[in-house]
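# Structural characterization, general
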Amino acid sequence: MTKALPQGSTIGILGGGQLGRMLSVAASRLGFKTHIFEPGANPPAGHVADVVTTAPYSDLDALVAFAKSVDVVTFEFENVPADALDALESIRPVLPNRNALATSQDRIAEKDFLTGIGLKVAPYANVETADDLVAAVGTVGAPSILKTRRFGYDGKGQSRLKTTDDASNAWDDLGNTPSVLEGFIDFSHEVSVIGARSQSGEVVCFDPGENIHRDGILHTTTLPANLKSSQRMDAVILTGQILNALDYVGVMGVELFVTPNGLIVNEIAPRVHNSGHWTQNGCVIDQFEQHIRAVAGWPLGDGKRHSNVVMTNLIGDEVLDVETLSKDASAGLHLYGKTDAKAGRKMGHVNKVTGPAT
Ligand code: AMP
């Protein structure tokens, strides 16, 4: 696709969670319509989209009808099955491309790709069987982390090995599933870069944010991150390298460990990212609009940050404190319209603007 989509076109989004919701809002601000495809009932994105299809990803007829009703297909999460992509791609462009999706769906493919373009990742070994794990422990050692190759998120699908004796417990913990054993990185802190690439190959990155996790879930992202200017430059350059190598179109999140020996890539997410929510109140054009612009073939925003921001996720019943949160006039409040404030569920976030950009 080379021509920019005109206003009134329809963006198809696979996945109806909060990311799909915020993408829909951004799309509608640019005059687009959105159509959400989501297996679950009453998705948060459905409250703000023009059309919602409720069907599983195995329903190829529903996918075909969805694709025919839109001008371009994008997604808010990476675990779209290959058959679903086959059906969609035969009808409309799917952006970001399939190779980017396949690379980030599988931790081994992702690490092979990243090392292949010269970037640093944690020492790792493929584990398909209990015997593989014994061999992997021999090369990677301990402390280390066993992670499922696929479907991991928010620290789920992971088991730590404090010593090599923990190996067989870790293997059972993950349910004997294909995994990767990763050496434990002694990092000082974690940062992430939200980068974007347009259809003409223009790359724009937002400033790196510093991330703090609680119980395996992102708690805060703080801008500016504690980085030397050379580290900030490295983070942005390596993100551009990843985007270009994948011939990527759209927004991507790149999670990095900061170590005395440089930046180590933890993982990449081929979509808008929780650690980029700060851009809604820190930049003129946020990550959601940036993504919609990219997939619609429009020029990108400049990524410039006008404010210092602390983004805090509202998890579970933290969202019930809206009355207090809403009294802070310098905090952008973003609620996802979810009714059931279950423990561990992302219900909203707050972007506290702490001053002009420094
Ligand atoms: P992930 O799901 O891969 O993003 O991992 C979740 C969190 O576990 C990360 O944000 C880190 O805090 C921690 N973690 C993951 N991999 C490593 C590693 N190789 N070394 C040290 N900590 C890690």
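For the structure itself, consult the block above.
Keep in mind the model is a prediction, meaning the values are calculated, not measured.

In the region of the ligand, 18 residues are neighbours, and K147, Q158, E182, I185 and E190 sit closest. In this structure, an oxygen atom belonging to the ligand sits 2.7 Å away from a side-chain N or O atom of Q158. One nitrogen or oxygen atom from the side chain of E267 is found 3.1 Å from an oxygen atom belonging to the ligand. Computed on the free molecule, the ligand has an accessible area of 480 Å², of which 92% lies beneath the protein chains in the complex. Elements with a contribution of two residues or more to the shell around the ligand: β6 (144-148), β7 (158-161), β8 (179-183), β13 (250-259) and β14 (262-269). Counting residues domain by domain, the shell around the ligand receives three or more from each of domain 2 (123-183) and domain 3 (189-356).

It is worth spelling out the side chain of E78 at this point. Residue placement: E78 occurs in the loop between β4 (72-75) and α3 (82-89). A relative accessible area of 14% means that E78 is categorised as buried. A polar atom in the side chain of E78 sits 2.7 Å from the side chain of R271. When residues no more than four places from it in sequence are discounted, the contact partners of E78 are L101, S104, Q105, A269, P270 and R271.

Counting 36 residues, the largest nonpolar core has I11, F32, W278, F288 and I292 as its most contacted members. Secondary structure elements with two or more residues in this core: β1 (10-14), α1 (18-29), β9 (189-197), β12 (217-223), α10 (287-295) and β15 (307-315). Among the domains, domain 1 (10-94) and domain 3 (189-356) are the pair contributing at least three residues each to this core. Look past the residues within four positions of W278 in its chain and what remains in contact with it is F206, D207, T221, L223, C283, R305, V309, M311 and N351. Of all hydrophobic cores here, the second largest spans 23 residues; its members include A100, L119, V193 and A235.

Basis of the calculations
- Residues numbered from 1 in each chain as written.
- Predicted model: local features only at pLDDT ≥ 70, side-chain atom pairs only at ≥ 80, totals over all residues.
- Heavy atoms only, no water.
- Near = heavy atom within 4 Å.
- Polar contact = N/O pair within 3.5 Å; in protein donor to acceptor, adjacent residues only side chain to side chain.
- Areas by Shrake-Rupley, 256 points an atom, 1.4 Å probe, with all protein chains shown as cover.
- Helix = DSSP H or I, 4+ residues; strand = E, 2+ residues; numbered from the N terminus.
- Domains from an automatic or database assignment.
- Buried < 20%, exposed > 50% of the residue type's maximum accessible area, 1.4 Å probe, protein only.
- Contact = heavy atoms within 4.5 Å.
- Core = buried A, V, L, I, M, F, W, Y, C linked by side-chain atoms within 4.5 Å.

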